[in-house]
Amino acid sequence: MAVEQSLTPRGEQTRIHDIGYRHYDGPRLGRGYARRSLYSQSLRGSYGLGRSVKSKVLPMLLFVVMCVPALIMVAVAVATKAKALPVDYTRYAVIMQAVIGLYVASQGPQSVSRDLRFKTVPLYFSRPIEIVDYVRAKYAALASALFILTAAPLIVLYVGALLAKLDFSDQTKGFGQGLVSVALLSLLFAGIGLVISSITPRRGFGIAAVIAALTISYGAVSTVQAIAYEQSSSSAVPWLGLFSPITLIDGVQTAFLGATSAFPGGEGPSSGQGVVFLVAVLGLIAGSYGLLLRRYRKVGL
């Protein structure tokens, strides 16, 4: 309904026009639907789907770069009739950590920085979605995108190993261990990337900070570990691995998943040290989630 007041003859009465507005009588889908929609939209956005062609280039390129070495390894194993794959399933993500770090640095800020920059976060929380729904959807979306990125080359390796007629039980066991490892890595990297990205609405600063936290820290820790090993301080090598996200994952999979450590000398953490590594990883994941909730309680006002 609309009300119109005539402006010309002073004595003319107000006229009421029915212009067809109707109340919404459809189903109320609620928080669950809103959360799933935000998750789906964020996951698709992590690979540029539903966005411009320019937005698709980098994530798709990084996905290809992650898979190409696995394809080459499979081709070599099949052609040479090798008795084992050139690299273990659990080792692949460690080798490709620079690509993974670059992916998080590019897609973490993309997921949250625009909402902060254009101050649209409070609109999400008007109704029916709440802060916890927003954080869970964004966290789950980036973690899922990372799992797709890191699990895809493992699938390529596994299929190639079966085509090369390698032992089925050994390959299945290794493949399962690799999936557990990259799932843990995805949760850890997604949490760290989103926490850093949510601090600033400026995407460039977020990208630089994520690269420093994930990639540069690995280079620094690896260098210090190598120096400690050369200085005959091999007992300190495992503990130094606590100061980089990728070496944390390396330590956990070495202690509990039977992986070969990438630490200098191949001396990974013992079972007791592995417990410390696992607690540190789980603590960082939980802490990242808690920090995101705290951050969005402020910006969502």
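See the structure printed just above.
Residues numbered from 1 in each chain as written. Predicted model: local features only at pLDDT ≥ 70, side-chain atom pairs only at ≥ 80, totals over all residues. Heavy atoms only, no water.

Chemist: Would you explain the pattern of salt bridges in this entry?
Modeler: Oppositely charged side chains can pair when the atoms bearing their charge come close. Considering all chains together, one arrives at four salt bridges under this definition. Arginine 31 is the salt-bridge partner of glutamate 130, the closest N and O atoms lying 3.9 Å from each other. With glutamate 130 in the loop between helix H5 (121-124) and helix H6 (131-163) and arginine 31 in helix H1 (residues 30-45), this pair connects stretches of sequence that are 99 residues apart. Of the residues examined, arginine 31 reaches a relative accessible area of 34% and is grouped as partly exposed. Among the salt bridges present, the one from lysine 138 reaches aspartate 115, with a minimum N-O distance of 3.9 Å. In this pair, lysine 138 sits in helix H6 while aspartate 115 sits in helix H4 (residues 97-117), placing the two residues 23 residues apart along the sequence. Residue lysine 138 is classed as buried on the basis of its relative accessible area of 5%. Of the residues examined, aspartate 115 reaches a relative accessible area of 10% and is grouped as buried. Within this structure, Arg31, Arg35, Glu130 and Asp133 form a network of salt bridges that share partners. (Salt bridge = Lys/Arg side-chain N within 4 Å of Asp/Glu carboxyl O. Helix = DSSP H or I, 4+ residues; strand = E, 2+ residues; numbered from the N terminus. Buried < 20%, exposed > 50% of the residue type's maximum accessible area, 1.4 Å probe, protein only.)

Chemist: How should I be thinking about the nonpolar core in this particular structure?
Modeler: In summary, soluble globular proteins display a tendency toward joint burial of nonpolar side chains. Counting residues in hydrophobic clusters, the biggest one holds 68 residues, and the most contacted among them are Tyr89, Tyr92, Leu146, Leu157, Phe189, Val281 and Tyr296. Looking at this core, the element that brings in the most residues is H6, giving 13 residues. The contact partners of leucine 146, leaving out residues within four places of it in the chain, are Ile100, Tyr103, Val104, Ser186, Phe189 and Ala190. (Core = buried A, V, L, I, M, F, W, Y, C linked by side-chain atoms within 4.5 Å. Contact = heavy atoms within 4.5 Å.)

Chemist: Explain the packing of aromatic side chains here, please?
Modeler: To describe a pair of aromatic rings, one takes the distance between the centres and the angle between the planes. Considering all chains together, one arrives at five aromatic pairs under this definition. Considering the side-chain rings of tyrosine 47 and phenylalanine 63, the 6.3 Å spacing of their centres and the 85° angle between planes classify their relative orientation as edge-to-face. Of this pair, tyrosine 47 sits in the loop between H1 and helix H2 (53-80) while phenylalanine 63 sits in helix H2, placing them 16 residues apart in sequence. Accessibility expressed as a relative area gives 7% for tyrosine 47, which makes it buried. For phenylalanine 63, a relative accessible area of 25% puts it in the partly exposed group. Ring centres 5.0 Å apart and planes at 55° place the aromatic pair tyrosine 134 and tyrosine 296 in the tilted group. (Phe/Tyr/Trp six-rings, centres within 6.5 Å; stacked < 30°, edge-to-face > 60°.)

Chemist: Could you clarify how one ought to interpret the environment of isoleucine 249 in this entry?
Modeler: Its location among the elements puts isoleucine 249 in helix H10 (residues 245-256). Under the relative-accessibility criterion, isoleucine 249 is labelled buried at 3%. Distance in space between the C-alpha atoms of isoleucine 249 and aspartate 88 is 15 Å, their sequence separation being 161 residues.

Chemist: So what exactly am I meant to see when it comes to the side chain of threonine 254 here?
Modeler: Tracing the backbone shows threonine 254 in helix H10. Within the local environment of threonine 254, its side chain forms a polar contact with the backbone oxygen of aspartate 250, the two atoms lying 2.7 Å apart. (Polar contact = N/O pair within 3.5 Å; in protein donor to acceptor, adjacent residues only side chain to side chain.)

Chemist: Please explain the side chain of serine 261 as it appears in this structure.
Modeler: Secondary-structure assignment places serine 261 in the loop between H10 and helix H11 (271-299). Aside from chain neighbours lying at most four places away, what touches serine 261 is Arg91, Asp250, Thr254, Gly266, Glu267 and Gly268.

Nothing here speaks to function; it is geometry throughout.
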